[in-house]
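Below, each chain spelled out in residue letters.
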Amino acid sequence: MLKPIIYRLGQQPKLSLKRFFIGLGLFAIAVAFIAWGYYHQPWVQIIGLVFLAPALFFAGWGYLGIFANRFSQVIATINPVVEFDDNDKPK
């Protein structure tokens, strides 16, 4: 039941890495706004919190895809597909 979901989430590792880096960049921007607001203008912290929500979403979504890709490789190693030929003699 979980195997198709894991394979679907992990089938595009480059896109997952791109999403993770987008989330990481947005997180850095959010932290910068929050820190600036702490020392100078308090209302700037609200902008930082607005950036924080999509940052966590994209970083989490990207990391989930990266993890699913790695985990699908482990599943494929543990449960190899048995290949057989229909024309083989029965044993």
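(A) Highlighting the packing of aromatic side chains. On inspection of all chains with the given rule, the structure shows 8 aromatic pairs. With 6.0 Å between their ring centres and 50° between their planes, phenylalanine 20 and phenylalanine 21 make a pair best called tilted. Note on phenylalanine 20: relative accessible area 24%, which makes it partly exposed. With 6.3 Å between their ring centres and 50° between their planes, phenylalanine 20 and tyrosine 63 make a pair best called tilted.

(B) Focus on the side chain of serine 72. With respect to the helices and strands, serine 72 occurs in helix α3 (residues 44-78). On the accessibility criterion, serine 72 (8% relative accessible area) is buried. When neighbours within four sequence positions are excluded, serine 72 is seen to be in contact with Ile6 and Tyr7.

Procedures and definitions
- Residues numbered from 1 in each chain as written.
- Predicted model: local features only at pLDDT ≥ 70, side-chain atom pairs only at ≥ 80, totals over all residues.
- Heavy atoms only, no water.
- Phe/Tyr/Trp six-rings, centres within 6.5 Å; stacked < 30°, edge-to-face > 60°.
- Buried < 20%, exposed > 50% of the residue type's maximum accessible area, 1.4 Å probe, protein only.
- Helix = DSSP H or I, 4+ residues; strand = E, 2+ residues; numbered from the N terminus.
- Contact = heavy atoms within 4.5 Å.

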